Structures are given as C-alpha cells and as structure tokens.
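Spelled out from the first residue to the last, the chains are:
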Amino acid sequence: MDGLVTPLSSPTFLVTWGCLVVVSQIVLQIDLYGNNSHLMSLMKLVWSFTVLYSGPIGLTIYWFSGRKEISDDGDYRRAFRSVAHCYSGCGLGELTGLLITVGIFGASQWVVVLVTFMLAYVAGYALTVGPLLQDGVGLKSALKDAVISETPSIFVMEVVAITVDLLVAGNAGPHQPLFWSSLVLSLSCGLVAAWPVNLWLIRHGIKECMMDPRMTDHGDHHEHHHGERAHG
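What you are looking at is a predicted structure, and each value in this text was computed from that prediction instead of being measured.

Rules behind the numbers
Residues numbered from 1 in each chain as written. Predicted model: local features only at pLDDT ≥ 70, side-chain atom pairs only at ≥ 80, totals over all residues. Heavy atoms only, no water. Helix = DSSP H or I, 4+ residues; strand = E, 2+ residues; numbered from the N terminus. Rg over C-alpha atoms; globule rule 2.2 N^0.38 Å. Buried < 20%, exposed > 50% of the residue type's maximum accessible area, 1.4 Å probe, protein only. Areas by Shrake-Rupley, 256 points an atom, 1.4 Å probe, with all protein chains shown as cover. Lys, Arg positive; Asp, Glu negative; His and termini not counted. Charge placed at Lys NZ, Arg CZ, Asp CG, Glu CD. Polar contact = N/O pair within 3.5 Å; in protein donor to acceptor, adjacent residues only side chain to side chain. Patch = residues over 30% accessible without salt bridge, like charges linked within 9 Å, V, L, I, M, F, W, Y side chains within 5 Å. Salt bridge = Lys/Arg side-chain N within 4 Å of Asp/Glu carboxyl O. Axes fitted to C-alpha atoms, helices over the stretch in contact; angles between N-to-C directions. Left-handed = near helix turned anticlockwise from the far one by under 90°. Nonpolar A, V, L, I, M, F, W, Y, C, P; charged D, E, K, R; others polar. Contact = heavy atoms within 4.5 Å. Phe/Tyr/Trp six-rings, centres within 6.5 Å; stacked < 30°, edge-to-face > 60°. Expected span 1.5 Å × (residues − 1). Bend = angle between axes of the 7 residues up to and from the residue.

## Let's talk about the overall build of the chain
Within the chain one finds seven helices and zero strands. Listing every helix and strand of the chain by position from the N terminus yields α-α-α-α-α-α-α. Its C-alpha radius of gyration of 18 Å places the chain within 12% of the 17 Å reference for a compact globule of 232 residues. Dimensions of the chain, computed from C-alpha atoms along their principal axes, come out at roughly 50 × 40 × 30 Å. For the chain, the proportion of its 232 residues judged to be buried stands at 48%. Summed over its atoms, the accessible surface of the chain is roughly 10600 Å², and 70% of this surface lies on carbon and sulfur atoms. Of the charged side chains in the chain, 12 are positive and 18 negative, and the gap between their average positions amounts to 5 Å.

Written out as structure tokens, the structure reads:
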C-alpha cells in the first residue's frame, strides 16, 4: 500500500490530474455542444460530472457509449451510460459528505462513512426520481422505481469507493494532497466496480436503459433510465 500512497501524497499527482481533468472537460464540452447538442440536458450534466470526477476515464466512457457516433448500442454501452448516471449523483453525495464531515466538523471515521454513504444514496435516488416526477410519475412509484433499479449499483459503488478511500487516505484531511488524491482514486474504483452490476441489472430487465444517443429526441421527452427497455 505504501507504494501507492507515496505518489498519491505528492502535490505533483494532483496538479497533473487536475490538468488532465481540465483538458478532458474541454474536449467533452466541445463534443457535447458541437457534435451531440441533441442530447438531453440531464445527460449533458451526467457526462460533465463523470468527467469532473474521473477525468480521462470519464471522457473515455463518454466516447465509448454516450455519443451519436457510436457504431452500435449493445448492453455494454448501455451499462456504461447507466453507471455514469448513477455515478454523477453518488459522486456528488460522497463529495458533499466528505466536505461536511471531514472539512467542517472533523468527524470520526465512522461518522464520515455513514454520512457519506447516506448522502450518496440521497443524491443517487434524486437523480432518478426527479426526471420521473417531471414525466408525471407519482412520487410513490418514482421512489419504488429508484430503490429497485439503483440500490444495488449505489451499494457496490459506495462500498468499493469508501473502502478504497479508507485504505489509502486513512486519517488524511482536506489540507493534505493524499485526501484529494485518494478521493480521485476511490471514486473511479467505485465507477468501475458498479459497471458489471448495471450490466447484470439491464440484462435481467431490472433496470431500463438510458436512451440510445443516436436516437435521442430533441427535447420532447426526458432522457432517463426509462428511455428504452433493455433486451438481454
């Protein structure tokens, strides 16, 4: 573990990663609004958050699965769009939880874990429930849908992300480069770990797909995981 912690503790890693994130975000925005402006605003936000959290990793996932230029739309690409949707909300919840518990209150490790886990679920569910409510789905049905379709993915994502963060960062605080470097690593590990979960959920008809970016409407419908039924 020391062999990993040492480079992550260096400010050089953070500066380099920050530059990669900025470049990746610029490339994403140019492509989103230049070549894929037809995508729904929700998915533009999802991809922006995904690249913010995971830089070139997020950009690669977008390039593989989120553009109209993709050659086909198999389950593998659908699962990447689905996990990005989940990731954008969970990552926001996790970041918020860490900044509040560690940055402001200096809470104990287990309080940080519990609050972070809870906020990740809240943000993840909100990103699913919100579009459903806009589509006229009742609150009870929207919440039920979110719990069934998102819970397994969020659980795996957060267990992996939080475990990696605890193992790598330990008791590091926001004033230390390791705190932020381990967050970068843990979020991306959670993203990768949740992808096969989303693939399984889609193939078994538990979770519906995000809409095919080649066929996305130009604003008449909201794009969310009810966009189309997966065929497993």
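## Overview of the side chain of H38
By secondary structure assignment, the location of H38 is in the loop between helix 2 (11-34) and helix 3 (41-65). Accessibility expressed as a relative area gives 12% for H38, which makes it buried. Within the structure, the side chain of H38 is placed 2.7 Å from the backbone oxygen of P213, a separation counted as a polar contact.

## Things to note about a nonpolar patch on the surface
Together, V22, I26 and I30 give the surface a local cluster of nonpolar side chains, amounting to about 290 Å² of exposed area. Residue position: V22 is located in helix 2. A relative accessible area of 48% means that V22 is categorised as partly exposed.

## A word on the packing of helix 4 (residues 75-104) against helix 7 (residues 177-203)
How two helices sit against one another is set out by the angle between their axes and by the gap between those axes. At a minimum axis separation of 8 Å, helix 4 and helix 7 run at an interaxial angle of 145°. Relative to helix 7, helix 4 is oriented so that their crossing is right-handed. Here the contact of helix 4 with helix 7 is composed, by residue class, of 18 nonpolar, five polar and four charged.

## A closer look at the side chain of S153
With respect to the element layout, S153 can be found in helix 6 (residues 139-169). In this structure the side chain of S153 is engaged in a polar contact, spanning 2.8 Å, whose partner is the side chain of N198. Leave out the neighbours within four places in its chain, and S153 touches C86, A194, V197, N198 and K207.

## Concerning the packing of aromatic side chains
Under the counting rule described, the total for this entry stands at 12 aromatic pairs. Note on W47 and Y62: the rings are 5.4 Å apart at their centroids and 65° apart in plane angle, and the pair reads as edge-to-face. The same class applies to W47 as to Y62, namely buried. Members of the aromatic cluster, connected to one another through ring pairs, are F64, Y76, F80 and W195.

## Notes on helix 5 (residues 109-134)
Between its first and last C-alpha, helix 5 extends 38 Å over 26 residues, near the 38 Å set by a 1.5 Å rise per residue. Along helix 5, the sharpest kink reaches roughly 25°, centred on A126. At the C-terminal side of helix 5, G136 shows a positive phi close to 95°.

## Let's talk about the pattern of salt bridges
In total, this model carries 10 salt bridges according to the counting rule given. A salt bridge links R81 to D73; the shortest N-O distance between them is 2.7 Å. In terms of burial, R81 and D73 fall into one category: buried. One continuous salt-bridge network, built from bridges that share partners, spans D73, D75, R78, R81 and R203.

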